[in-house]
Each structure stands twice: as C-alpha cells, then as structure tokens.
2 protein chains.
Amino acid sequence: MPTPDRTSLAAIVTAGRELLERGGPAKVSMQAVADRVGVRAPSLYKRVRDREALLQLIAEDIVDDLGTVLAASDGTLTGLAHAYRTFAHTHPEGFRYLYASSPDLAHLQRASEPVLQAARAAVGEERALDAARLVTAWATGFLSMELAGAFRLGGDVDGAFEYGLAQLQVALRQS
Amino acid sequence: MPTPDRTSLAAIVTAGRELLERGGPAKVSMQAVADRVGVRAPSLYKRVRDREALLQLIAEDIVDDLGTVLAASDGTLTGLAHAYRTFAHTHPEGFRYLYASSPDLAHLQRASEPVLQAARAAVGEERALDAARLVTAWATGFLSMELAGAFRLGGDVDGAFEYGLAQLQVALRQS
DNA sequence: ACCTGAACACCGTTCAAGT
DNA sequence: ACCTGAACACCGTTCAAGT
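Residues numbered from 1 in each chain as written. Chains lettered and ligands numbered in written order. Predicted model: local features only at pLDDT ≥ 70, side-chain atom pairs only at ≥ 80, totals over all residues. Heavy atoms only, no water.

A. Looking closely at the protein's contact with DNA strand C. Near DNA strand C you find 21 residues, and of these A:Met30, A:Tyr45, A:Arg51, B:Arg6 and B:Arg40 are the closest. Put simply, 67% of the atoms of DNA strand C that lie within 4 Å of the protein are in sugar or phosphate. The contact in question runs from a phosphate oxygen of DNA strand C to an N or O atom on the side chain of A:Tyr45, over 2.8 Å. With respect to DNA strand C, the side chain of B:Arg47 contributes an N or O atom lying 3.1 Å from a phosphate oxygen. Residue composition of the surface near DNA strand C, by class: 9 nonpolar, 6 polar and 6 charged. (Near = heavy atom within 4 Å. Polar contact = N/O pair within 3.5 Å; in protein donor to acceptor, adjacent residues only side chain to side chain. Nonpolar A, V, L, I, M, F, W, Y, C, P; charged D, E, K, R; others polar.)

Here is the structure:
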C-alpha cells in the first residue's frame, strides 16, 4: 500500500544546505536534516546513500548556484571576479565547503565556463586555459583567506582585492 | 602518589598529525590518537581541552613546519612559491586542513614573514603587503585547486604553475 | 598527578515491522 | 513504496575510583 511521499530529495538537499550555511558541515547531521524536512532520520536513506553522498549533493547544488551567478555577470574578468566575491560573502560556509570537498567535475566545469570565455577574449585561444587558471586561483585563494580571517592583520581588504585584479589585468595584457 | 607520565602533549599532537595526514580530519578521533600514544582516550583530556583544541594545535604545528620550509628557501618569490608547492605536495591533507581551519594569527604571521620580505624587495615598502597578498592568494588558490583535483580536465599543471608565476613577476615589475 | 573503566549523550546506519 | 521505532556500533566527554 503506497504512502504519499512526505519529503523529496530537493527538500533534503535544501535543508542540508541551510544547516551548512548556518553552522558549517558539522551541523549537517542526518537527524537535523530529518527534523527540518519533517521526517525521521532513517527515512533519508530512501533518497540518499549516506551522509557523505548528501554533502556531495549539497556541494553540487552550491556550484550550480555559483555558475548561475557567474553567468549573470557582465562577462568581463572584473565583473566575474566581483560576482565571485559577492557569492563568497553571501554564502561563506557554502563557499568554504566547496573547496574543502572535491566537487563533481562536470558541475565545476559548467560553472567555470564564463571564466574561460573571458580569458579567451583577453589573451586568445592559445593561453586561455592558463590565464583562466591564474585568475581563478588568485580569486579563490584570496576569498578563502579572506573568509578564513587570514587578512585580519590590517590593510584595506577591498583595496587589496582591487589591486590584485588590476595587476592581473596588466599581466594578461602583456601576453 | 604521582604516576610517571605515559605520554606528552607533543606526542599527542604528532600522533594526531599523522592520522590527519593518513586520512583527513575525520580520522583524527580521540580514540585513534589515544591508541597511537599508548593511553586511554579519557587521559588525553589532561593535556588537551577537547578535540577541537587538539585540531587547532595540529594546525599550528603544520604552520610552524611550513614557516621553517619557507624560511629555508632562497627567499625569492620564485623560490618561495616552489617551496610552498613542495610543502603542499608532501603534506596534502595538512595543507588542506590549514585553510579549512582558521589557524592562529601569530603562527600564520611568522610563517608568511619571508613572503612579505620578498615582496618588499620586489615592489618596495609601499606596495609590499598588497603584493604579498597577491602572490600568496594565487599560490594558495592554485594549490588548493590542484589538491582538490580541480585541474583534472587536462593541460599541463606544472606548466600552469610556472605560467602564473611568470605572469605575476611581470605584473609586479610594472608597479 | 596522572590514568582508567564505566557511564552518558549523541550520531550514522540497518532492518524488521507497519501502513 | 515509503516511513518508523528499535537496535547497534562508534565517538566525544565526564567523573569517581584507583595508583
């Protein structure tokens, strides 16, 4: 005798993401997720293999959102960098978790497509991949360090971001 | 009646670091650490407030090692970048954990001193902090992404590192 | 002063039994 | 077909009792 579904995979992932954003990965317990979607913990295993698989799905959901945000930018390297930083500030725990986990390659590739495109426009087909990696590595490192509080020493963090971006533009214009 | 000490804080931190390096933070359980130093889990609480404090100590131990490695390099930005990368390859889990946690500021500052010095030599006192942050952010982001497998797509990863380093040198030479 | 076994709360996961 | 309570293994942590 079938029972009407009391939850869904999407609801579970969303609940997990909310918990992640509120308190980091440690707060994403199966019990807390189950509470949030109105079901008992064992029921989650009907839709998700285990906790690790759930965290993976959450990471992919975050990458997809990031991809949407980047695609909605003006497509210049500056625009992309600022959109990336805004995303990191809006979803700090999600952003940090992205690089703590090993997100699925296909999702990552889709999200970074606009960056590759902007790099292509800036330095040409030949150097596009290297240039995209240069800018992405810098921005990712900068935001990781900013969120980790590694810039607490002083100096203007916004200024340091703009400085870095300007320097990279200079470098890319020379190739 | 005093009992002879059966372990030490240093031994506990070392054991924890070995476990971290072997299997990531999840493998650093109080029981596993206790087993490794030849004591029962509750005894650890004589030397360490709780698991989180132990992980913090492990992170600081890693930063100290990194500082030593960087200080032993030739002191140029290129030398520092390569030393940093070698460290990340030798201690991948430790490196990843460093940026997942929020390492103590004093330790971080000591470790990054040589980078600031190299930046000072390259661009002068005025721009040293911004330049150090540019290079550090790039290298940290690059290594995080490399270790996370974000470069699995293809292309020459070593080549991308050298390309990035060269571009940054060009940019810094212009300021 | 340090160490231990016992105990507690909590979590991930499995499974037989319910609808 | 999905949901649940009960159960199990495991973990972090506390504490009274040992030396």
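B. View of the relation of the copies chain B and chain A. Aligned on chain A, chain B shows an RMSD of 0.0 Å; the corresponding rotation is 180° and the shift along the axis is 0.0 Å. Given the turn and translation reported, the copies of this chain are related as if by a two-fold rotation axis. A share of 100% of interface residues in chain B that are also interface residues in chain A marks the association as one of identical surfaces. (Least-squares fit on C-alpha atoms with pLDDT ≥ 70 in both. Contact = heavy atoms within 4.5 Å.)

C. Local environment of the packing of aromatic side chains. All names here are of chain A. For the structure on display, the rule yields 12 aromatic pairs over all chains. Measuring from ring centre to ring centre gives 5.4 Å for Phe95 and Tyr99, while their planes differ by 55°; the resulting arrangement is tilted. You can see Phe95 and its partner Tyr99 sitting in helix α5 (residues 92–100), 4 residues apart, about one turn around the helix. Plain terms: the ring middles of Trp138 and Phe142 are 5.9 Å apart, the flat faces sit at 50° to each other, and that makes the pair tilted. Pair noted here: Trp138 and Phe142 are both in helix α7 (residues 128–148), with a separation of 4 residues, about one helical turn. Every member of this aromatic cluster is reached through a ring pair, and the members are Trp138, Phe142, Phe151 and Phe161. Sitting over the face of the ring of Phe161, Arg85 holds its NZ or CZ atom 4.9 Å from the ring centroid. (Phe/Tyr/Trp six-rings, centres within 6.5 Å; stacked < 30°, edge-to-face > 60°. Helix = DSSP H or I, 4+ residues; strand = E, 2+ residues; numbered from the N terminus. Lys NZ or Arg CZ within 6 Å of the ring centre and 35° of its normal.)

D. Geometry of the environment of B:His107. Residue and element names in this part refer to chain B. Note that His107 resides in helix α6 (residues 105–123). For His107, a relative accessible area of 22% gives the class partly exposed. Taking the C-alpha atoms as reference, His107 lies 6.4 Å from Val63; in sequence the two are 44 residues apart. Contacts of His107, omitting those with residues within four sequence positions, involve Glu60, Val63 and Asp64. (Buried < 20%, exposed > 50% of the residue type's maximum accessible area, 1.4 Å probe, protein only.)

E. A look at the packing of helix α3 (residues 51–71) of chain A against helix α6 (residues 105–123) of chain A. All names here are of chain A. At a minimum axis separation of 8 Å, α3 and α6 run at an interaxial angle of 15°. Taken as axis vectors, α3 and α6 run roughly parallel relative to one another. Crossing hand, α3 versus α6: left-handed. Across from Glu60, Val63, Asp64, Gly67, Thr68, Leu70 and Ala71 in α3, the residues of α6 making contact are His107, Leu108, Arg110, Ala111, Pro114 and Val115. In terms of residue class, the contact of α3 with α6 is built from 7 nonpolar, 3 polar and 3 charged. (Axes fitted to C-alpha atoms, helices over the stretch in contact; angles between N-to-C directions. Parallel < 35°, antiparallel > 145°, perpendicular 65-115°, else oblique. Left-handed = near helix turned anticlockwise from the far one by under 90°.)

F. Quick look at the nonpolar core. The biggest cluster of nonpolar side chains holds 115 residues, and the ones touching the most others in it are A:Trp138, A:Phe142, B:Trp138 and B:Phe142. Each residue touching A:Phe142, except ones within four places of it in the same chain, is listed here: A:Arg85, A:Phe151, A:Val157, A:Ala160, A:Phe161 and B:Ala137. (Core = buried A, V, L, I, M, F, W, Y, C linked by side-chain atoms within 4.5 Å.)

G. Examining the domain arrangement of chain A more closely. Residue and element names in this part refer to chain A. Assigned domains of chain A: these are domain 1 (1–48) and domain 2 (58–174). Counting residues at the interface gives 8 residues for domain 1 and 9 residues for domain 2. Taken together, the two surfaces of domain 1 and domain 2 that pack against each other cover about 790 Å², and 62% of this comes from carbon and sulfur. Three residues, Arg17, Leu20 and Glu21, lead the burial of domain 1 against domain 2; their summed loss comes to 70% of the area buried on that side. At the boundary of domain 1 and domain 2, one finds 2 salt bridges. Salt-bridge contacts for Asp61 lead to Arg17; the nearest nitrogen and oxygen are separated by 2.9 Å. Seen at the junction of domain 1 and domain 2, the total is 4 residue pairs in polar contact (both at pLDDT 80 or more). Classifying every residue of the side of domain 1 that touches domain 2 by side-chain character gives 4 nonpolar, 2 polar and 2 charged. (Domains from an automatic or database assignment. Buried area = accessible area lost by both parts, 1.4 Å probe. Salt bridge = Lys/Arg side-chain N within 4 Å of Asp/Glu carboxyl O.)

H. Examining the interface of chain B and chain A more closely. Contact with chain B, which involves 40 residues of that partner, is made by 40 residues of chain A. Between chain B and chain A, the buried area comes to about 3,400 Å², and carbon and sulfur atoms account for 66% of it. Looking only at chain B, the three residues that lose the most surface to chain A are B:Arg133, B:Leu153 and B:Tyr163, adding up to 20% of its buried area. The interface formed by chain B and chain A includes 0 salt bridges. For the side of chain B that touches chain A, the per-class residue count stands at 22 nonpolar, 13 polar and 5 charged.

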